[in-house]
Amino acid sequence: MPPYRFSLQQLHDHTRNRPGPTATTTHGNLSEAAKRAIQSSVTKGTILRRYNYQAHYVDWCEASQLSTKHIIDPSETTLCNYSASFMGKEAGGTVRAKIAVVKNLVSAKGHGWHGGSRLREVLNGVERAAPPSSFCPEREPVKVEWLNMLHDELNASGRTPLNSCVIACADAVFYGQLRLGEVLPQSALVSNYMASQFPLVSDLSIPDKFGQNHSGKLRLPCMKTHQSRGESVILINHNVKSDAVQALTHHLEENRLLPSDPLFSY
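Here the structure is a predicted model, which means the values were calculated and not measured.

**Remarks on the state of the cysteines**
So, step 1. Here the structure, examined in full by the defined rule, presents zero disulfides.
So, step 2. Take C169: it sits in no disulfide, and the sulfur closest to it among the cysteines is that of C165, at 6.5 Å.

What follows is the structure, given as C-alpha cells:
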C-alpha cells in the first residue's frame, strides 16, 4: 500500500480546517453521542486508512477536473474510470476497499449509489490484472524446532536478562497463538507503555507449585478482535525445551520484575 497522505495529527488538522468533500464522513442530524459511537466503532488506524483513501479519490477527481457535485455524487462512468486507474498497479481487494470508502462518502452526503454491473466488471478486470507484487507467497509456519534453535543460540551466548526476555516472549507468542502486536508495543520507552493495551506482569498468573504440569494464564488487555475488554490465554506446560510457562517463570526471576512492570521488559 502506498504511504499515507496524512498522519493522524494531519488528519485531525486537515479535517478541522478544510470542511467539504475531503472532510470526514458527516452524520446528518445524529446526536453527538451517536457520532462519537460511530467514531469509536473502528480503530484510529482504520479511520486513517479510510480517510487517506477518500483523500486519494478527491485528488483524482480534482486532477480529472470534476466539479464538487460530481465528486460527492459520482456517475457510474466516473466510478469505473477511477477504478480502472489502479489497473496493473494494485490488488483487487485494495481497489474494492477504496470504492467502498467512496460509497460511504456518497451515502454520507445523502446521494444514491450509481455503481452497477459495469463497475463490477471493471473491478473484476482490475483484480485479474493485479501486479505480481500484490501477491505474497505463503510464509512457512514457525515450528517448534525453530524455537529450540532460538533457545540453543541464546543459551550458548549466555543466559542474560535480555535473552531470557526474548525466549519468554517467543515461547508465549507461539504456544499462546498470539500476535506480536498484542504483547509488544512499537516504542521501547517504558514511559510510552500503555497498560490498557499491553500486558503487565500482574496480568500473568502462574501457580506457585511449579514442575507438575501446571498451566499459566495470561490476560491480554486489548486484542485485535476484542479491543475493549481483551481476553485471557491459557499457556499449557508442555515439558519441552521451548515450554512457555517455564520460560516465563525464568524470565520473571531473572529480571526481578514487579507486578506493575511491562511483562516483556528486562
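That shown, we press on.
**Some points on a nonpolar patch on the surface**
So, step 1. On the surface, V142, W146 and M149 cluster together into a nonpolar patch covering about 310 Å² of accessible area.
So, step 2. Structurally, W146 is set in helix α8 (residues 144-156).
So, step 3. Among the residues examined, W146 registers a relative accessible area of 36% and is labelled partly exposed.

**A closer look at the pattern of salt bridges**
So, step 1. As enumerated under the stated definition, the model contains seven salt bridges in all.
So, step 2. Here K241 and D152 are joined by a salt bridge, their closest N and O atoms 2.9 Å apart. Highlighted residues: K241 in the loop between β3 (231-235) and α10 (244-255) and D152 in helix α8, separated in sequence by 89 residues.
So, step 3. Under the relative-accessibility criterion, K241 is labelled partly exposed at 45%.
So, step 4. Overall, D152 belongs to the partly exposed group, its relative accessible area being 39%.
So, step 5. For E182, the salt bridge goes to R179, with nearest N and O atoms at 3.0 Å.
So, step 6. A relative accessible area of 4% means that E182 is categorised as buried.

Definitions and cut-offs
Residues numbered from 1 in each chain as written. Predicted model: local features only at pLDDT ≥ 70, side-chain atom pairs only at ≥ 80, totals over all residues. Heavy atoms only, no water. Disulfide = S-S within 2.5 Å. Patch = residues over 30% accessible without salt bridge, like charges linked within 9 Å, V, L, I, M, F, W, Y side chains within 5 Å. Areas by Shrake-Rupley, 256 points an atom, 1.4 Å probe, with all protein chains shown as cover. Salt bridge = Lys/Arg side-chain N within 4 Å of Asp/Glu carboxyl O. Helix = DSSP H or I, 4+ residues; strand = E, 2+ residues; numbered from the N terminus. Buried < 20%, exposed > 50% of the residue type's maximum accessible area, 1.4 Å probe, protein only.

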